[in-house]
Each structure stands twice: as structure tokens, then as C-alpha cells.
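Structural characterization, general
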Amino acid sequence: MIATRQCSRSSCARPAAATLTYVYADSTVVVGQLSAAAEPHSYDLCAHHADRFTAPRGWDVVHIQSEFVEPEPSTDDLEALARAVREAGRPRPAPAFTPPAPVASEPRRGHLRVITNDA
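What counts as what
- Residues numbered from 1 in each chain as written.
- Predicted model: local features only at pLDDT ≥ 70, side-chain atom pairs only at ≥ 80, totals over all residues.
- Heavy atoms only, no water.
- Helix = DSSP H or I, 4+ residues; strand = E, 2+ residues; numbered from the N terminus.
- Contact = heavy atoms within 4.5 Å.
- Areas by Shrake-Rupley, 256 points an atom, 1.4 Å probe, with all protein chains shown as cover.
- Salt bridge = Lys/Arg side-chain N within 4 Å of Asp/Glu carboxyl O.
- Phe/Tyr/Trp six-rings, centres within 6.5 Å; stacked < 30°, edge-to-face > 60°.
- Buried < 20%, exposed > 50% of the residue type's maximum accessible area, 1.4 Å probe, protein only.
- pLDDT = per-residue confidence, 0-100.
- Pairing = 2+ DSSP bridges.
- Axes fitted to C-alpha atoms, helices over the stretch in contact; angles between N-to-C directions.

1. Re the overall build of the protein
When helices and strands are counted, the protein shows two helices and four strands. The helix and strand sequence of the protein, counted from the amino end, reads β-β-β-α-β-α. Within the protein, counting contacts between residues at least 6 apart in sequence, those at least 24 apart form 62% of the total. Counting every atom, the protein has about 10,100 Å² of accessible surface; 54% of that belongs to carbon and sulfur.

As C-alpha cells, this is what we get:
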């Protein structure tokens with residue numbers, strides 16, 4: 001199932017529409033279209049926050065895309081969701097038989113052995 005990524009801003013539940021990346025060496029912030037996969041050093045922003053983003057003082061902002069549109073769910077997303085719901089509703093198979101634990105009177109077959117003085 002393809003999950004919709006959400007905005008990285010705290011308390012924002014909108015779907016992500018842009019990706020923000022800091023280029024520390026150049027003191028530049030790049031705001032562009034949503035990346036194909038979530039990157040560990042990037043931030044996903046909704047259209048509202050991507051349009052209103054301001055960089056730290058002295059940093060340059062580069063907007064690669066001028067208009068950010070929140071993605072609509074595609075038919076692939078809906079089909080994946082339907083498959084996941086069907087899979088979750090299927091009955092689970094019974095667990096395999098596990099033998100009972102040995103009783104204390106039975107000898108253990110571990111790494112320790114009892115050595116008697118008879119030998």
C-alpha cells in the first residue's frame with residue numbers, strides 16, 4: 001500500500017506536496033516538487049507551508065516549482081487500500097502444534113551434565 005506522506009511541520013496533518021532540503025555548504029534552502037521517496041535529511045511540506053516558507057537570516061531560498069498542489073489519491077492508492085483491508089479481514093491460520101515443555105523429572109539435554117563418582 002502506498003501511504004501518503006504528511007507535512008513535516010508539527011501539528012499539520014495535510015498531505016505533503018513539496019520537499020525542502022538544506023544545502024549547508026552554500027547556505028541555501030531548496031524547495032521543490034515532492035521527492036519520490038522520503039529522504040532522511042529532507043523535509044516534506046504541504047502546499048500551504050511550502051508557499052510560506054522563510055529561510056534563516058542570511059540564507060538563500062530556491063523555489064524549483066512555483067505552484068505546489070496537494071496530490072489527489074490515485075486509483076492505485078485506492079486499490080492498494082482495498083487489498084490491505086481484504087487481507088486484514090481474512091481469518092488467520094491456526095498456530096502450529098508446539099510440544100509441551102519437559103517435566104522436571106525428565107533428564108535435560110542441555111550443555112550441562114552430571115558426572116558421578118562411579119567412573
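Past the structure itself, the notes keep going.
2. Section: the pattern of salt bridges
Tallying each qualifying case throughout the model produces one salt bridge. For R5, the salt bridge is made with D44, and the minimal N-O distance between the two is 2.7 Å. Linking R5 in the segment before β1 (18-23) with D44 in strand β3 (residues 42-45), this pair joins segments that are 39 residues apart in sequence.

3. Here's the deal with the side chain of H49
Among the structural elements, H49 can be located in helix α1 (residues 47-51). Beyond its immediate stretch of four places on either side in the chain, H49 contacts C7, R9, C12 and R14.

4. Looking at the packing of aromatic side chains
Counting across every chain of the model gives four aromatic pairs. Here Y22 and Y24 contribute two aromatic rings whose centre-to-centre distance is 5.8 Å and whose plane-to-plane angle is 25 degrees, an arrangement assigned as stacked. Judged by its relative accessible area of 25%, Y22 falls in the partly exposed class. Relative to W59, the ring of Y24 lies with its centre 5.8 Å away and its plane at 90 degrees, an arrangement referred to as edge-to-face. Highlighted residues: Y24 in the loop between β1 and β2 (28-33) and W59 in the loop between α1 and β4 (60-63), separated in sequence by 35 residues. These aromatic residues form a ring-pair network of at least three members: Y22, Y24, Y43 and W59.

5. Here we look at unusual backbone geometry
Of note in the backbone geometry, S11 takes a positive phi value of approximately 65 degrees without being a glycine. Within the element layout of this structure, S11 appears in the segment before β1. One non-glycine residue with positive phi stands out, namely S27, at about 50 degrees. Within the fold, S27 resides in the loop between β1 and β2.

6. Section: the confidence of the model for the protein
Chain-level statistics for the protein give a pLDDT mean of 78 and a share of 74% at 70 or above. Ranking the helices and strands of the protein by mean pLDDT puts β3 first, with 91, and helix α2 (residues 75-89) last, with 73.

7. Some details on the sheet that holds β3
Remark on secondary structure: sheet strands pair via backbone hydrogen bonds, oriented parallel or antiparallel. The mixed open sheet is built from four strands, whose spatial order is β3-β1-β2-β4. Two strands close off the open sheet at either side, each with one partner strand: β3 and β4. Neighbour-to-neighbour, the strand axes of this sheet turn through a mean angle of 20 degrees, independent of strand direction. In terms of strand pairing, β2 meets β4 through four bridges, oriented parallel. What sits directly across from V29, in β4, is V61.

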